[in-house]
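Chain by chain, the residues:
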Amino acid sequence: MDQELKTTCLHEDHIALGAKMSPFAGFDMPIQYAGIIQEHNAVRTAAGMFDVSHMGEIVVDGPDAEKFVNHIFTNDVRGLEPGHILYGMMCYPDGGTVDDLLVYKEFESGFLLVVNAANIEKDFDWILKNKEGFEVEVFNDSDSWGQIALQGPKAEDALVNLMGIEELRDLEFYTFYDLEDEDGGRVIVSRTGYTGEDGFEIYASPDNIRDIWAMLLEDGIQPCGLGCRDTLRFEAGLPLYGDELSADISPVMAGFSMFCKFDKPEFIGKEALMAQKTGGVARKVVGIELSDSAIPRAGYPVELEDGTEVGVVTTGYHSITLDKSICFALVDSAHAALGTPLWIRIRKKVFPGVTVKKRFYQTNYKK
Amino acid sequence: MSRIIEGLLYSESHEWVKVEDGLAIIGVSDFAQSEMGDITYVDLPAEGDEVTAGEEFGALESVKASSELYSPVSGTVEAVNEELESAPEKVNEDAYAAWLIKVRMSDASELDALLDAAAYEQVAK
């Protein structure tokens, strides 16, 4: 075992459940417990829970907090109500993506930035590097928090049953409540997730997260690994940093310019992203559906009928919910329009497909 | 603990071989299917295709990843288990019942290089 690997507060619980473990973003994480298909279906039809304690939490506070977050974030937090959350990106001046993240507007003051595990150090350095001239305090609070994502059509019932707080049913999509555990510790419950289903993300102290995990397990909630986290987010058209967003793939290229607010006075990357938005980009992320059930995998070439390579698969699966082979691919913009026939080379054969909307699965958020 | 059946031959790349009337019936071991997880697609050669010992002849795909199949013997594919095309999960259910291809061997001495159950047990862990 790599000694550098970090573990989450639920690591022992995963081992006890017999999870298949694998390194992810520097953490030893559960890939699956019962099997990816069973876990995936549990989230689509009932409820599942994920250990997402590896995610990073960065606090931004101080007199200039709002101005500063708006400087580094593509979405617009001006006037964001306490208890509300926005999704967006941090970008480099050239428009490339530093990370995608959630920004929580705190009730007291300041913001909580929830970032990808693989990017915690990079993001924190980026934030520190850019805070000159702003009166803000920034700290990396990632080690204080454990986190469970409770997702699926029965997540609301499971959460209310767990916490005994009926009002949690009223929590709106992309908002959160601040709660207290028995020892006065802070618990955040937000109506957010990464599966395309209704659901919640629960942040609490590592000890408390272990208790919550054990109680949900006792209530029969299916533990779910990173395997189905990826199949679920993929079907719902959600990007994974490193695959569909990266230093080389801007939010505009990925099709997420709706999260870039160009009416803001300024933010890092604004000029470059605006130029991409108005002048076009060389490559775009598209969805492709194959007529065969062969499976397109990340890295496989995307071609025209005559064999000209015009792109590459970024994520692909035989969709568990939709029972067809689909993928995200980064392709030359000339071939990115909906309904364009494209071919994917899978081992020795070439399979025909067509570009489709990236939200393959009709999401079931509670709006 | 994965199942290993006495009397079959095994490759280090986790295929099994059962010889019947000069035909090599080829599948993947229980260890292989359990490592792969839920298998969702099988990519097999066509009847009449030639396969070569040690070379790729197809792939099994699980939700997460694709695993190449390597032929334990050389010869001509005489039968392909077409049932797996619509029911790839049969490989997970019983890897020794869900054969993949049957090969008319061109050189039966290649079987000597394969492992018996006891030797394979050392590989499959």
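Residues numbered from 1 in each chain as written. Chains lettered and ligands numbered in written order. Predicted model: local features only at pLDDT ≥ 70, side-chain atom pairs only at ≥ 80, totals over all residues. Heavy atoms only, no water.

Engineer: With reference to specific residues and values, describe the interface of chain B and chain A.
Structural biologist: Taken together, the contacts link 17 residues of chain B with 20 residues of chain A. Interface area lost by chain B to chain A is led by Tyr41, Val63 and Lys64 of chain B, which between them contribute 43%. Inspection of the region where chain B meets chain A yields five salt bridges. Where arginine 347 of chain A meets aspartate 43 of chain B, a salt bridge forms, and the shortest distance between an N and an O atom there is 3.0 Å. Viewed at the interface, chain A and chain B are joined by 14 residue pairs in polar contact (both at pLDDT 80 or more). Secondary-structure elements contributing two or more residues to the side of chain B that touches chain A are helix 1 (30–36), strand 4 (39–43), strand 6 (56–62) and strand 7 (66–70) of chain B. Per element, the largest residue contribution to the side of chain B that touches chain A is four residues, and it comes from strand 6 of chain B. Across the side of chain B that touches chain A, the residue classes break down as five nonpolar, five polar and seven charged. (Contact = heavy atoms within 4.5 Å. Buried area = accessible area lost by both parts, 1.4 Å probe. Salt bridge = Lys/Arg side-chain N within 4 Å of Asp/Glu carboxyl O. Polar contact = N/O pair within 3.5 Å; in protein donor to acceptor, adjacent residues only side chain to side chain. Helix = DSSP H or I, 4+ residues; strand = E, 2+ residues; numbered from the N terminus. Nonpolar A, V, L, I, M, F, W, Y, C, P; charged D, E, K, R; others polar.)

Engineer: Which residues make up unusual backbone geometry, and what values go with them?
Structural biologist: The residue aspartate 323 of chain A is not glycine, and still its phi comes out positive at about 50°. Mapping aspartate 323 of chain A onto the fold places it in the loop between strand 16 (309–318) and strand 17 (325–332). Residue classification places aspartate 323 of chain A among the exposed positions, given a relative accessible area of 58%. The backbone of histidine 14 of chain B shows a phi angle near 75°, a positive value even though the residue is not glycine. Within the element layout of this structure, histidine 14 of chain B appears in the loop between strand 1 (9–10) and strand 2 (15–20). (Buried < 20%, exposed > 50% of the residue type's maximum accessible area, 1.4 Å probe, protein only.)

Engineer: Give me the lowdown on a negative patch on the surface, citing residues and values where you can.
Structural biologist: Residue and element names in this part refer to chain A. A cluster of like negative charges, contributed by Glu182, Asp183, Asp207 and Asp211, occupies part of the molecular surface. Along the chain, aspartate 211 falls in helix 6 (residues 206–218). Among the residues examined, aspartate 211 registers a relative accessible area of 46% and is labelled partly exposed. (Patch = residues over 30% accessible without salt bridge, like charges linked within 9 Å, V, L, I, M, F, W, Y side chains within 5 Å. Areas by Shrake-Rupley, 256 points an atom, 1.4 Å probe, with all protein chains shown as cover. Lys, Arg positive; Asp, Glu negative; His and termini not counted. Charge placed at Lys NZ, Arg CZ, Asp CG, Glu CD.)

Engineer: Outline the pairing of strand 8 (residues 75–80) of chain B, listing residues and values.
Structural biologist: Residue and element names in this part refer to chain B. The pairing of strand 5 (residues 50–51) with strand 8 spans two bridges and is antiparallel. Considered in strand 8, the bridge of glutamate 50 is made with threonine 76. Sheet topology note: the strand 8/strand 9 (residues 101–105) ladder contains five bridges and is antiparallel. When the bridges of strand 9 are listed, glycine 75 appears paired with methionine 105. (Pairing = 2+ DSSP bridges.)

Engineer: Give me the sheet that holds strand 8 (residues 137–140) of chain A: which residues, what numbers.
Structural biologist: All names here are of chain A. With antiparallel pairing, five strands are arranged side by side in an open sheet as 5-6-7-4-8. Every other strand in the sheet has two partners, leaving strand 5 (85–91) and strand 8 as the edge strands with one partner each. Between one strand and the next, the sheet's axes are offset by a mean angle of 25°, whatever the strand orientation. One ladder, built from five bridges, connects strand 4 (residues 56–61) with strand 7 (residues 111–115); its direction is antiparallel. Bridge pairing links glutamate 57 to valine 114 in strand 7. Of the strands in this sheet, strand 4, strand 5, strand 6 (97–105), strand 7 and strand 8 touch helix 3 (residues 65–72), which is tilted by about 25° from strand 7. (Axes fitted to C-alpha atoms, helices over the stretch in contact; angles between N-to-C directions.)

Engineer: So what about the domain arrangement of chain A? Which residues, and what values?
Structural biologist: Residues and elements named next belong to chain A. By domain assignment, chain A separates into domain 1 (11–52 + 145–235), domain 2 (56–141) and domain 3 (282–356). When each unit is reduced to the centre of its C-alpha atoms, the spacing between domain 1 and domain 2 is 24 Å. The partner domain 2 presents 16 residues to the 14 residues of domain 1 that form the contact. Carbon and sulfur atoms supply 62% of the area that domain 1 and domain 2 bury against each other, a total of about 1300 Å² over both sides. It is Trp145, Tyr174 and Phe176 in domain 1 that bury the most area against domain 2; as a group they hold 50% of the surface buried on that side. At the boundary of domain 1 with domain 2, the tally comes to one salt bridge. The closest approach of N and O atoms between glutamate 106 and arginine 186, which form a salt bridge, is 2.5 Å. Seen at the junction of domain 1 and domain 2, the total is six residue pairs in polar contact (both at pLDDT 80 or more). Counting only elements with at least two residues in the side of domain 1 that touches domain 2, the list comes to strand 10 (176–180), strand 11 (186–190) and strand 12 (199–204). (Domains from an automatic or database assignment.)

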